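Listed below, chain by chain, are the residues.
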Amino acid sequence: MRRFTRNAAVTAAALASAIGLSVASASATASATYTVTPGGAFTANAANPKLTSGAATLNCTSSQAKGTLKSGSGLAGAKLGSITSLTFTGCTVSGIPFTVAAAASTSAPFYINATGTTANHIDGNVSNISAKVTGTGCNVTFAGTTNGWYENTTKTLHITGGGSLAAGAGASCLGLITAGAHADFLANYVLTAQQTITSP
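These numbers come from a predicted model, not from an experiment.

Asks: Let's hear about the state of the cysteines: which residues, and what values?
Replies: Tallying each qualifying case throughout the model produces two disulfides. At a sulfur-sulfur separation of 2.0 Å, the disulfide partner of Cys-60 is Cys-91. Residues Cys-60 and Cys-91 are joined through a disulfide that is right-handed, its torsion about the S-S bond being 105 degrees. On the criterion of sequence distance, the pair formed by Cys-60 in the loop between β4 (56-59) and β5 (62-69) and Cys-91 in strand β8 (residues 91-93) is long-range, its members being 31 residues apart. Exposure class is identical for Cys-60 and Cys-91. Each is buried. Linked covalently through their sulfurs, Cys-138 and Cys-173 form a disulfide whose S-S length is 2.1 Å. Given an S-S torsion of about -100 degrees, the disulfide between Cys-138 and Cys-173 has left-handed geometry.

Right, here's the structure in full:
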């Protein structure tokens, strides 16, 4: 999922979040378009991603995302890209191993949404997230949206937390996470090949 809406745009952002958008201004929502070059399939890798929720921190050694980006110009920011596979390795909480199973698929992707620009950064979020964490004394499904931004110069999708990501009903994890607990997912996914996103 730093550079996102506050104050006067809160109402617009709440409405936009329902379709996977978080905006820099109400007017930007209606008018902003994006150019993606070359678009198409992508693979991105992250070292040491982590998720924090309540008093628990889940650390993983690596994660890989695969998906597609739209191609061309004049593109709307909503659903600019789709993550259809998201895997994690080496995940632990306080040294105890855990499994993370993300539900991203071609039929139910996580959506990459662009919401504005800052210098060479494209601000946005990832929506429609659903991921299950299981292990000894732990069974939690996190769902929602997380904020982030894409950096053209380093071809990196920075996931910065925030958003609506939270533990679902029935969540239980070592007494540290309960239903409704907010979660922050932090990771830097570096694409294996250049994708450039600009606006307009």
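Asks: Explain the environment of Lys-66 to me, and be specific about the residues and the numbers.
Replies: Secondary-structure assignment places Lys-66 in strand β5. Beyond its immediate stretch of four places on either side in the chain, Lys-66 contacts Phe-42, Thr-43, Ser-82, Ile-83, Thr-84 and Ser-85.

Asks: Tell me about the packing of aromatic side chains, residues and numbers included.
Replies: Considering all chains together, one arrives at one aromatic pair under this definition. Between the aromatic rings of Phe-88 and Phe-185, the centroid separation amounts to 5.9 Å while the plane-to-plane angle is 75 degrees, which identifies the pairing as edge-to-face. Of this pair, Phe-88 sits in strand β7 (residues 81-89) while Phe-185 sits in strand β17 (residues 183-191), placing them 97 residues apart in sequence. The pair Phe-88 / Phe-185 is uniform in exposure class, with both members buried.

Asks: Please give an account of the side chain of Asn-125 that cites residues and values.
Replies: Checked against the element boundaries, Asn-125 lands in strand β11 (residues 121-135). For Asn-125, a relative accessible area of 4% translates into the label buried. Among the polar contacts made by the side chain of Asn-125, one reaches the side chain of Asn-113 at a distance of 2.8 Å.

Each value, and the rule that gives it
- Residues numbered from 1 in each chain as written.
- Predicted model: local features only at pLDDT ≥ 70, side-chain atom pairs only at ≥ 80, totals over all residues.
- Heavy atoms only, no water.
- Disulfide = S-S within 2.5 Å.
- Helix = DSSP H or I, 4+ residues; strand = E, 2+ residues; numbered from the N terminus.
- Buried < 20%, exposed > 50% of the residue type's maximum accessible area, 1.4 Å probe, protein only.
- Contact = heavy atoms within 4.5 Å.
- Phe/Tyr/Trp six-rings, centres within 6.5 Å; stacked < 30°, edge-to-face > 60°.
- Polar contact = N/O pair within 3.5 Å; in protein donor to acceptor, adjacent residues only side chain to side chain.

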